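Below, each chain spelled out in residue letters.
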Protein chains: 2
Amino acid sequence: MNENIESKLKSKNIKPTAMRLLVLKVLSEQKSTISLPELEKKFEKADKATLYRTLKTFEENKLIHSIDDGSGSVKYALCQDDCKCYPEDLHVHFFCVKCKKTYCLNDIPVPVIDLPMNFSLESVNMVVKGVCPICRL
Amino acid sequence: MNENIESKLKSKNIKPTAMRLLVLKVLSEQKSTISLPELEKKFEKADKATLYRTLKTFEENKLIHSIDDGSGSVKYALCQDDCKCYPEDLHVHFFCVKCKKTYCLNDIPVPVIDLPMNFSLESVNMVVKGVCPICRL
DNA sequence: TTTGTTCGTGCAACCAAGTTGCAAACTTAT
DNA sequence: ATAAGTTTGCAACTTGGTTGCACGAACAAA
Ligand SMILES: [Mn+2]
Ligand SMILES: [Mn+2]
Ligand SMILES: [Zn+2]
Ligand SMILES: [Zn+2]
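Here's what I pulled together on the structure shown here. As the structure is a computational prediction, the values presented were derived from the model and not from experiment.

**So, the coordination of the manganese ion (ligand 2)**
Residue and element names in this part refer to chain B. Here the manganese ion (ligand 2) is held by the protein donor atoms H65 (NE2), H91 (NE2), H93 (NE2) and C104 (SG), which lie 2.0 to 2.2 Å from it. In primary sequence terms, the donor set of the manganese ion (ligand 2) follows H-x25-H-x1-H-x10-C. Here H65 is found in strand β2 (residues 64-67), whereas its partner C104 is found in strand β5 (residues 102-109), with 39 residues between them in sequence.

Below you can see the structure in the form of structure tokens.
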């Protein structure tokens with residue numbers, strides 16, 4: 001299990017330090033996405049800057065992706081195993097206006113859209129807002 | 001012309017104060033979207049809080065809509081005349097990674113997507129990132 | 001093994017955007 | 001004229017994000 005985490009880091013060319021193993025473990029346990037401030041609270045005593053840089057490293061190496069859900073803080077989630085973060089790899093995200101959680105809708109790819117002349121496409125951020133199944137009960 | 005601006009406010013049930021007329025005028029002149037900090041700079045001496053509340057009022061009354069383009073500051077733009085800000089009224093936005101401007105692609109409606117069971121839909125924020133025609137020259 | 005270099009971490013300081021409380025100014029209704 | 005409600009200006013504050021710097025661990029060359 002912990003082996004799994006370590007090898008995941010190595011497979012993305014990230015040196016598996018103690019800190020990084022801990023952060024990746026927390027990320028793996030999430031059912032929804034997590035923000036830097038939320039991540040901070042998951043640890044007794046951890047430095048914001050270190051966590052910040054850890055997330056950046058993870059993102060640069062495509063271990064995680066970030067989502068701007070309009071809540072004021074950027075959220076993060078593990079990438080799918082085969083994800084290269086190309087536009088065609090991207091999926092839709094769902095932000096619940098009640099519980100404020102953001103979910104990866106991994107099965108729903110971001111629709112391809114036809115841009116006007118001379119616009120080039122690099123990436124897409126698509127966030128659907130509404131109420132999640134849990135909050136609708 | 002100035003009449004036009006005043007009537008636009010009235011038509012949205014917003015009392016046309018001096019400040020609001022000025023802000024709406026600036027908004028009307030924009031070719032791309034504008035953020036609160038940018039709006040602030042358009043005035044010699046204007047108060048952040050007042051502008052902030054003005055934008056909020058405008059948004060609540062559906063005179064403008066806001067876009068979270070992931071740049072760190074929320075952008076604003078005038079709504080189309082007939083816009084009710086319902087999901088079917090929404091359009092895609094384009095964020096240029098070079099000039100950092102965000103454009104309303106008013107002709108490109110946000111694609112309808114099929115949400116998983118028990119997710120309700122209230123709104124969508126779709127931002128395409130790339131390079132704009134001006135920056136590609 | 002010793003030395004020098006790179007890399008990761010912790011701490012503090014900082015910045016920018018957004019937000020709020022409060023009192024003064026202004027508007028509208030009585 | 002007076003009272004009540006609305007808008008504005010100012011200052012203070014919160015939060016998320018970011019950076020500089022120094023220390024220590026890891027690593028590689030000598
Ligand atoms: Mn995701
Ligand atoms: Mn728009
Ligand atoms: Zn929810
Ligand atoms: Zn551009």
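Further notes follow.
**Notes on the packing of helix α2 (residues 18-29) of chain B against helix α4 (residues 48-60) of chain B**
Residue and element names in this part refer to chain B. The geometry of α2 relative to α4 is characterised by a closest axis approach of 11 Å and an angle of 75° between their N-to-C directions. The pairing of α2 with α4 is recorded here as roughly perpendicular in orientation. For the pair formed by α2 and α4, the contact residues are M19, R20, V23, L24 and L27 on the first element and T50, L51, T54, L55, T57 and F58 on the second.

**Section: the protein's contact with DNA strand D**
Surrounding DNA strand D, one finds 17 residues, the nearest of these being A:K48, A:Y52, A:V74, B:T17 and B:R53. Looking at DNA strand D alone, sugar and phosphate atoms form 62% of those within 4 Å of the protein. At 3.3 Å, a side-chain N or O of A:R53 approaches a base oxygen of DNA strand D. One of the backbone N or O atoms of A:V74 is found 2.7 Å from a phosphate oxygen in DNA strand D. Every element with two or more residues in the surface near DNA strand D is listed here: α3 (36-41) and α4 (48-60) of chain A together with α2 and α4 of chain B. Looking at the surface near DNA strand D element by element, the count peaks at four residues for α4(A). For the surface near DNA strand D, the class distribution of residues is seven nonpolar, four polar and six charged.

**Examining the layout of surface pockets**
Reported here for the largest pocket is a volume of approximately 840 Å³. Considering the residues around the largest pocket, the lining is formed by 35 residues, among which A:E59, A:H65, A:S66, A:L90 and A:S123 are closest to the centre. Secondary-structure elements contributing two or more residues to the lining of the largest pocket are α4, β2 (64-67), β4 (91-96), β5 (102-109) and β6 (120-131) of chain A. It is β6(A) that contributes the most residues to the lining of the largest pocket, five residues altogether. The residue makeup of the lining of the largest pocket, split by class, is 16 nonpolar, nine polar and 10 charged. Taken as a whole, the second largest pocket holds about 500 Å³ of empty space. Forming the walls of the second largest pocket are 23 residues, and the residues nearest its centre are B:E59, B:H65, B:S66, B:S123 and B:V124. Only β2, β4 (91-96) and β6 (120-131) of chain B provide two or more residues apiece to the lining of the second largest pocket. Among the elements that make up the lining of the second largest pocket, the one with the highest residue count is β6(B) (five residues). Counted by class, the lining of the second largest pocket contains nine nonpolar, eight polar and six charged residues.

**Describing the packing of aromatic side chains**
For the structure on display, the rule yields two aromatic pairs over all chains. Between A:F94 and B:F119, the ring centres sit 4.6 Å apart and the planes meet at 75°, which makes this aromatic pair edge-to-face. Here B:F119 lies in the loop between β5 and β6 and A:F94 lies in strand β4, a pairing that spans two chains. On the basis of relative accessibility, which here comes to 0%, the residue A:F94 falls in the buried class. Taking relative accessible area as the criterion, B:F119 reaches 17% and is therefore assigned buried.

**Brief notes about the interface of chain A and chain B**
On the chain B side, the residues contacting the 31 residues of chain A number 31 residues. Carbon and sulfur atoms supply 67% of the area that chain A and chain B bury against each other, a total of about 2600 Å² over both sides. Sorting the residues of chain A by area buried against chain B places A:I113, A:F119 and A:K129 first, and these three jointly supply 19% of that buried surface. Our count for the contact surface shared by chain A and chain B stands at zero salt bridges. Counting every contact that joins chain A to chain B gives 10 residue pairs in polar contact (both at pLDDT 80 or more). Considering every element that reaches the side of chain A that touches chain B, the biggest residue donor is β6(A), with 12 residues. Of the residues belonging to the side of chain A that touches chain B, the class tally is 20 nonpolar, six polar and five charged.

Each value, and the rule that gives it
- Residues numbered from 1 in each chain as written.
- Chains lettered and ligands numbered in written order.
- Predicted model: local features only at pLDDT ≥ 70, side-chain atom pairs only at ≥ 80, totals over all residues.
- Heavy atoms only, no water.
- Donors = N, O, S within 2.8 Å, 3.2 Å for Na, K, Ca; no water.
- Helix = DSSP H or I, 4+ residues; strand = E, 2+ residues; numbered from the N terminus.
- Axes fitted to C-alpha atoms, helices over the stretch in contact; angles between N-to-C directions.
- Parallel < 35°, antiparallel > 145°, perpendicular 65-115°, else oblique.
- Contact = heavy atoms within 4.5 Å.
- Near = heavy atom within 4 Å.
- Polar contact = N/O pair within 3.5 Å; in protein donor to acceptor, adjacent residues only side chain to side chain.
- Nonpolar A, V, L, I, M, F, W, Y, C, P; charged D, E, K, R; others polar.
- 1 Å grid on protein atoms, 1.4 Å probe; cavity = no way out; pocket = protein on both sides within 12 Å on 5 of 7 lines; lining within 4 Å.
- Points joined across faces, edges and corners; volume = space filled by probe spheres on them.
- Phe/Tyr/Trp six-rings, centres within 6.5 Å; stacked < 30°, edge-to-face > 60°.
- Buried < 20%, exposed > 50% of the residue type's maximum accessible area, 1.4 Å probe, protein only.
- Buried area = accessible area lost by both parts, 1.4 Å probe.
- Salt bridge = Lys/Arg side-chain N within 4 Å of Asp/Glu carboxyl O.

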